[in-house]
Amino acid sequence: MGVSESSAVQRDDPFVRLAAVYPEALPEVYGYLRHRCGDSGLAEDLTAEAFVQAARSLRDGTLDQVTTAWLVTVARNKLIDHWRRQARSEQMLRSVEDERGDDGGWDTRLDAMLAAETLRSLGVQHRAALTLRYVDDLPVAEVARLLGRTVAATEALLVRARVAFRRAYEATGGERR
Amino acid sequence: MSDPLDVLRARSSAQNPPPRFVLELYQRLHREFVLPTPGIQRDGPAGAPVRRAVPCLIVPDINQALDFYQSAFGAGGVERHSLPDGTLVYAAFRLGDTPFGLAADEPPWNRSPAILGGSTVPIDLDVDDADMVVRLAVTAGAQVVIPVADQSYGQRAGRLADPFGHLWIISSPLQPTS
């Protein structure tokens, strides 16, 4: 029996505040990341980064109370940082394939599982934009802020990402009408 | 017209990570709070992995031991760590700037001096007044093993056994003879 398996229930200190939300927040944060990055190892790494940031902010007094929502927001930022690093290495490997055109008012019903798989297969820039816009259901302005782009550039990126998505979805034998 | 990509929208996505990860992360978070103490400097080569040592004393009863170390040595910074059901499993305290842990007998992992029939590690306490500290400790229940006396190495020192069998060497600097 070690200290790590105990909870310091007799003190109202920063660690207790973190330990109090841990059981409820952990599945939310891990699930958020696992669902979006499709890789359990990466989801674990980013989950740990989010919680360690909470621990340090509580310890240093820059954060007073930690909530599940705060942790999920930090987790999203960690994921975006990861995408940025990935985008840089992808750009070194190959020039970004820019999809031209528009998706011409795609009107169809997608299979949810196949759509999620398609999203995971896209390049990181497209995947990032579509994940924030559609999976997280954020407004375009918020997606632009998170990706550090202008709204116009983000709108253009989303159009290209949708074209890439449609092409990839249809190539996997997805329903076409 | 609804957007076909709306199918991607996440519903509740809570998911339990592997139990191994749950425990590892909890331990790591706890270390974030316990280990870094401002003012502690690392000696040794740059990048030496050890930050400091924290002795953990095994005793029959944690609360009783805390009482003794508080009255005998003025222990401070007491923290008790309990399970959700209230079971006290660990305590931490400080003597001066040195952190100590306390854990209860739990053979075969944790065995106090009483179970082992002795202690192998005396702990040196640097104090301002060895005579006074020893008097306080004896009042609180310690036994004198070697009485306080002037030592040839320039210290005034004596040795105690506390009520749980842990050994303490109490030393203060010898006052220059006037």
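Residues numbered from 1 in each chain as written. Chains lettered and ligands numbered in written order. Predicted model: local features only at pLDDT ≥ 70, side-chain atom pairs only at ≥ 80, totals over all residues. Heavy atoms only, no water.

Colleague: Kindly report on the overall build of chain B, identifying the contributing residues and their values.
Modeller: When its secondary structure is counted, chain B shows 4 helices and 8 strands. Secondary structure of chain B in N-to-C order comes out as α-β-α-β-β-β-α-β-α-β-β-β. When burial is assessed residue by residue, chain B has 36% of its 178 residues classed as buried. A separation threshold of at least 6 residues defines the contact pool for chain B, and within that pool the share at least 24 residues apart is 50%. (Helix = DSSP H or I, 4+ residues; strand = E, 2+ residues; numbered from the N terminus. Buried < 20%, exposed > 50% of the residue type's maximum accessible area, 1.4 Å probe, protein only. Contact = heavy atoms within 4.5 Å.)

Colleague: I'd like a description of the confidence of the model for chain B, backed by residues and values.
Modeller: Chain-level statistics for chain B give a pLDDT mean of 86 and a share of 89% at 70 or above. For this predicted complex, the interface score ipTM comes out at 0.76, alongside a pTM of 0.57. (pLDDT = per-residue confidence, 0-100.)

Colleague: Go over the nonpolar core, please, and point to the residues and values.
Modeller: Membership of the largest hydrophobic core comes to 64 residues, with the highest contact counts inside it found for A:Leu18, A:Phe51, A:Leu130 and A:Phe165. For this core, the secondary-structure elements that each account for two or more residues are helix H1 (14-37), helix H2 (40-60), helix H3 (68-93), helix H4 (112-121), helix H5 (124-135), helix H6 (140-147) and helix H7 (151-171) of chain A together with helix H1 (19-34) of chain B. Looking at which element gives the most residues to this core, the answer is H1(A), with 12 residues. Two domains share this core, each providing at least three of its residues, namely domain 1 (1-86) and domain 2 (102-177) of chain A. The residues touching A:Leu18, leaving out its near neighbours within four places in the chain, are A:Phe51, A:Ala54, A:Ala55, A:Leu58, A:Val66, B:Leu29 and B:Phe33. Of all hydrophobic cores here, the second largest spans 28 residues; its members include B:Ile123, B:Ala137, B:Trp168 and B:Ile170. (Core = buried A, V, L, I, M, F, W, Y, C linked by side-chain atoms within 4.5 Å. Domains from an automatic or database assignment.)

Colleague: Before we move on, could you go through unusual backbone geometry and cite the residues and values that matter?
Modeller: Across the junction of B:Pro107 and B:Pro108, the peptide omega takes the value 5°, indicating a cis bond. Within the secondary structure, B:Pro108 is located in the loop between strand E4 (98-104) and helix H3 (113-116). Here A:Asp137, not a glycine, exhibits a phi torsion of approximately 60°, which is positive. Along the chain, A:Asp137 falls in the loop between H5 and H6. Given the relative accessible area of 37%, A:Asp137 is considered partly exposed.

Colleague: Account for the sheet that holds strand E8 (residues 167-173) of chain B, naming residues and giving values.
Modeller: What links the strands of a sheet is backbone hydrogen bonding, and the strands pair in either a parallel or an antiparallel sense. Residue and element names in this part refer to chain B. With respect to topology, 4 strands assemble into an open sheet ordered E5-E8-E7-E6, the strand pairing being mixed. Among the strands making up the open sheet, the edge pair consists of strand E5 (123-126) and strand E6 (143-150). Going from strand to strand, the sheet's axes swing by 15° on average, the running direction of each strand aside. In terms of strand pairing, E5 meets E8 through 4 bridges, oriented parallel. When the sheet's bridge partners are listed, Asp 126 is paired in E8 with Ser 171. (Pairing = 2+ DSSP bridges. Axes fitted to C-alpha atoms, helices over the stretch in contact; angles between N-to-C directions.)

Colleague: Account for the packing of aromatic side chains, naming residues and giving values.
Modeller: Counting across every chain of the model gives 15 aromatic pairs over all chains. A ring pair is formed by B:Phe68 and B:Phe164, whose centres lie 5.9 Å apart and whose planes are at 90°; its orientation type is edge-to-face. Here B:Phe164 lies in the loop between strand E7 (155-161) and E8 and B:Phe68 lies in helix H2 (residues 62-73), a separation of 96 residues in the sequence. Aromatic rings pair up to connect B:Phe68, B:Tyr69, B:Phe73, B:Phe93, B:Phe100, B:Phe164 and B:Trp168 into one cluster. The positively charged end of A:Arg133 is found above the aromatic ring belonging to A:Tyr134, 5.4 Å away from the centroid. (Phe/Tyr/Trp six-rings, centres within 6.5 Å; stacked < 30°, edge-to-face > 60°. Lys NZ or Arg CZ within 6 Å of the ring centre and 35° of its normal.)

Colleague: Residues and numbers for the interface of chain A and chain B, please.
Modeller: Taken together, the 47 residues of chain A in the interface contact 37 residues of chain B. When the two sides are added together, the surface that chain A and chain B hide from each other amounts to roughly 4200 Å², 66% of it contributed by carbon and sulfur. We note a salt bridge from B:Asp3 to A:Arg162, for which the minimum N-O separation is 2.6 Å. At the boundary of chain A and chain B, one finds 9 residue pairs in polar contact (both at pLDDT 80 or more). Every element with two or more residues in the side of chain A that touches chain B is listed here: H1, H2, H4, H5 and H7 of chain A. By residue class, the composition of the side of chain A that touches chain B is 28 nonpolar, 8 polar and 11 charged. (Buried area = accessible area lost by both parts, 1.4 Å probe. Salt bridge = Lys/Arg side-chain N within 4 Å of Asp/Glu carboxyl O. Polar contact = N/O pair within 3.5 Å; in protein donor to acceptor, adjacent residues only side chain to side chain. Nonpolar A, V, L, I, M, F, W, Y, C, P; charged D, E, K, R; others polar.)

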